Amino acid sequence: MYGFLFTIVAGIIMIYSTSSILAESRHGSQLFFFRQQFVWALLSVGVVWLIARLDLQRLAVYSAPALFCTLVLLMLVFVMPARNQAQRWIMLGPLTFQPSEIFKFLTVFYLAFSLSNRKRNLAKLKQLVFPYLPFLGLGMGLIMLEPDLGTTIVIFVTVMGMFFLAGARIKHLLMTVVPPAVLGCIVVFGLGYKKERILSYLAAVVDPLQGSYHVKQAALTLGSGGWFGAGLGDGR
């Protein structure tokens, strides 16, 4: 909890430091973005306080049904209006959320519970593939179709890491990794999905000012502030 609070406080300070000049010029107050972030920070502290008091061992048995319900939500996003040429959000009036973020969390929770079963022997390929591939594969496939390649990759790497730590054999993991990797290359370089982002990243390795907006801003930040920054409240 203390680490969480430290991160929240440090984050709020950095929000003020990097946004005060922009907030003053656009909204007439240096604290505009600071106030917004502070409200959400208070709400997050309350949520974390509640979560910290949950008995995760008793709730673990519900992780599989919860993951199944999230799969249903991942299907529902395709009947929702698109945003920025993607269908990733469930919209319920003023409430908007991404089921993929819930799926990401529940995948870790479910695997932690399932892989801790002493009867589970991941050294056997059938115990690695059949209990998990249909369930998790469907979820990652739906997220890919939204489309959201980044989240799909994060979940896939996390799953592979948990399988490795649970005792899965390297050769079995490679058999599992290669087909999705080939499919990802086909989607990116064959169909062109996010191809510009990949090429932009490669260009930024050679020259940061030829990269994406965020890479350029990072290079300009280091150039203007040096190792120690421009000073609290003077960041642009």
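Anyway, here's the lowdown on the structure attached to this text. (Residues numbered from 1 in each chain as written. Predicted model: local features only at pLDDT ≥ 70, side-chain atom pairs only at ≥ 80, totals over all residues. Heavy atoms only, no water.)

1. Quick word on the layout of surface pockets
Computed from the structure, the largest pocket encloses a volume of approximately 680 Å³. Lining of the largest pocket is provided by 27 residues; of these, Met 140, Thr 152, Phe 156, Pro 180 and Ala 181 occupy positions nearest its centre. The set of elements that each furnish at least two residues to the lining of the largest pocket consists of helix H6 (125–129), helix H7 (133–145), helix H8 (149–165) and helix H9 (170–190). The biggest single contributor to the lining of the largest pocket is H9, with 9 residues. (1 Å grid on protein atoms, 1.4 Å probe; cavity = no way out; pocket = protein on both sides within 12 Å on 5 of 7 lines; lining within 4 Å. Points joined across faces, edges and corners; volume = space filled by probe spheres on them. Helix = DSSP H or I, 4+ residues; strand = E, 2+ residues; numbered from the N terminus.)

2. Regarding unusual backbone geometry
Residue Glu 146 is joined to Pro 147 through a cis peptide bond whose omega torsion reads 0°. Looking at the element boundaries, Pro 147 is found in the loop between H7 and H8.

3. Section: the packing of helix H4 (residues 63–76) against H7
Two quantities define a packed helix pair, namely the angle between the axes and the distance from one axis to the other. Between H4 and H7, whose axes approach to 10 Å, the crossing angle comes to 30°. The angle between H4 and H7 falls in the class roughly parallel. The hand of the H4/H7 crossing is left-handed. In this structure, H4 contributes Ala 64, Leu 67, Phe 68, Leu 71, Leu 74 and Met 75 to the contact, and H7 contributes Phe 135, Leu 136, Leu 138, Gly 139, Leu 142 and Ile 143. Residue composition of the contact of H4 with H7, by class: 11 nonpolar, 1 polar and no charged. (Axes fitted to C-alpha atoms, helices over the stretch in contact; angles between N-to-C directions. Parallel < 35°, antiparallel > 145°, perpendicular 65-115°, else oblique. Left-handed = near helix turned anticlockwise from the far one by under 90°. Contact = heavy atoms within 4.5 Å. Nonpolar A, V, L, I, M, F, W, Y, C, P; charged D, E, K, R; others polar.)

These results come straight from atomic positions and should not be treated as a statement about function.
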